[in-house]
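Coordinate analysis (summary)
Chain by chain, the residues:
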Amino acid sequence: DLKREQVKEIEHKCNTYKELQKKVQRIQLDQGELAEIIAKIADETFHLKGLARSVDRLTHQQEIKKLAVDELEARHQRQQLEAKYEDDREALVENHPCPLCGSEQHPLVTHYTNVVSQTAEELKQAKKELETVHEEGIEKQTTIKSTQKQLIELENKMSSLTETNELALVELQLLGQTVNVDLDL
């Protein structure tokens, strides 16, 4: 009977050791996964900072391009107004009064060049560049939101895994105590 009891105790200790081994392996795997998550969080945080700098740079470029578009639009409107007077300008005769202002000198008659189409093309190009920068900014903002979401998911996973790991360590200590094994974790 005593031998049977000893055999049962030894079997129990063997089973407990096997269970301890499995828990240690699980904890090691979890710690490896935790290290990977921490590294990924660091990478994503670095990536996020780079994206934020890109958005700032694009915002600045967009402001500059918007100013250029505004200036070109104003110039284009002015040139269109000037072009409306083309027929009247051709009717002006030097040393004869202008029907609009009365001036007898008409310097723009000989020096005037119509650059409306050139400005229109510049304006079209500037608007296209502005739209490109705007779209790139939207794309970066979308990437930022996606990266922030990934970071939150990673941090939640890290928190959950840390909690699970801590519980497993406590269980491991308790299990070790049942078989008189001192675990130094």
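Residues numbered from 1 in each chain as written. Predicted model: local features only at pLDDT ≥ 70, side-chain atom pairs only at ≥ 80, totals over all residues. Heavy atoms only, no water.

Description of the overall build of the chain
The following threshold applies: Numbering of helices and strands runs from the N terminus, with a helix taken as a DSSP run of H or I at least four residues long and a strand as a DSSP run of E at least two residues long. Just to be clear, the radius of gyration here is over C-alpha atoms, and the globule rule we use is 2.2 Å times residues to the power 0.38. We call a residue buried when its accessible area falls under 20% of the maximum for its residue type, exposed when it is over 50%, and partly exposed in between, using a 1.4 Å probe and counting protein chains only. Accessibility throughout is a Shrake-Rupley quantity obtained with a 1.4 Å probe, and a residue counts as covered only by protein chains that appear here. Only four residue types enter the charge count, namely Lys and Arg as positive and Asp and Glu as negative; His and the chain termini do not. By convention, charge coordinates are those of NZ in Lys, CZ in Arg, CG in Asp, or CD in Glu.
The secondary structure content of the chain amounts to four helices and zero strands. For the chain, the succession of helices and strands along the chain, N to C, is α-α-α-α. What you see for the chain is a C-alpha radius of gyration of 39 Å, clearly larger than the 16 Å of a compact globule of 185 residues, by over 25%. Counting only C-alpha atoms, the chain reaches 135 × 20 × 20 Å along its principal axes. For the chain, the residues scored as buried account for 22% of the 185 residues in total. Summed over all atoms, the accessible surface of the chain reaches about 14,100 Å², with 54% contributed by carbon and sulfur. The centroid of the 25 positive side-chain charges in the chain is displaced by 8 Å from the centroid of its 36 negative side-chain charges.

What to know about unusual backbone geometry
In this structure, Asn 95 is a non-glycine residue whose phi angle is positive, near 70°. With respect to the helices and strands, the residue Asn 95 is situated in the loop between helix H2 (86-91) and helix H3 (107-111).

Describing the environment of Leu 34
To be explicit about the condition: Contacts were defined at the residue level, with two residues in contact if any of their heavy atoms lie within 4.5 Å.
Mapped onto the elements of the fold, Leu 34 is located in helix H1 (residues 2-84). Measuring from C-alpha to C-alpha, the distance between Leu 34 and Glu 171 comes to 19 Å, with 137 residues separating the pair along the chain. Setting aside its immediate chain neighbours within four residues, Leu 34 contacts Met 158, Leu 161 and Thr 162.

Considering the nonpolar core
Test applied: Remark: nonpolar core denotes a set of buried residues (Ala, Val, Leu, Ile, Met, Phe, Trp, Tyr, Cys) joined through side-chain atoms within 4.5 Å.
In terms of nonpolar packing, the biggest core is built from ten residues, these being Leu 34, Ile 37, Ile 41, Leu 48, Leu 51, Val 55, Ile 144, Leu 151, Leu 154 and Leu 161. For this core, the element with the highest residue contribution is H1, accounting for six residues. Among all residues touching Leu 154, those that are not within four sequence positions of it are Ile 37, Lys 40, Ile 41 and Glu 44. In this structure, Leu 20, Ala 168, Leu 172 and Val 179 belong to the second largest nonpolar core, which totals six residues.

Re the pattern of salt bridges
Condition: What makes a salt bridge here is a side-chain nitrogen of Lys or Arg within 4 Å of a carboxyl oxygen of Asp or Glu, nothing more.
The tally for this structure, following the rule as stated, stands at nine salt bridges. Of the charged contacts, one joins Glu 129 and Lys 65 as a salt bridge, the two residues approaching to 3.3 Å between their closest N and O atoms. With Glu 129 in helix H4 (residues 116-178) and Lys 65 in helix H1, this residue pair connects regions lying 64 residues apart in the sequence. For Lys 65, a relative accessible area of 24% translates into the label partly exposed.

Digging into the packing of H1 against H4
Put simply, the rule reads: Here an axis means a line fitted to C-alpha atoms, over the contact stretch when the element is a helix, while the angle between two N-to-C directions is reported on a 0 to 180 degree scale. Angle categories: roughly parallel below 35 degrees, roughly antiparallel above 145, roughly perpendicular from 65 to 115, and oblique for all the rest. Two helices that cross are described as forming a left-handed crossing if the nearer one is turned anticlockwise from the farther one by less than a right angle, and a right-handed crossing if clockwise. Three classes are used, and their members are as follows: Ala, Val, Leu, Ile, Met, Phe, Trp, Tyr, Cys and Pro are nonpolar, Asp, Glu, Lys and Arg are charged, and the others, Gly among them, are polar.
Packing of H1 against H4 leaves a shortest axis separation of 5 Å and a crossing angle of 165°. It follows that H1 is roughly antiparallel to H4 by the angle criterion. Both H1 and H4 take part in a crossing whose hand is left-handed. By residue class, the composition of the contact of H1 with H4 is 30 nonpolar, 23 polar and 18 charged.

Points about the confidence of the model for the chain
Let me state the cut-off plainly: pLDDT expresses how confident the predictor is about each individual residue, on a scale running from 0 to 100.
Counting all residues, the mean pLDDT for the chain is 88, and 93% of those residues have values of 70 or more. When pLDDT is averaged over each helix and strand of the chain, the minimum, 65, is found for H3 and the maximum, 92, for H4.

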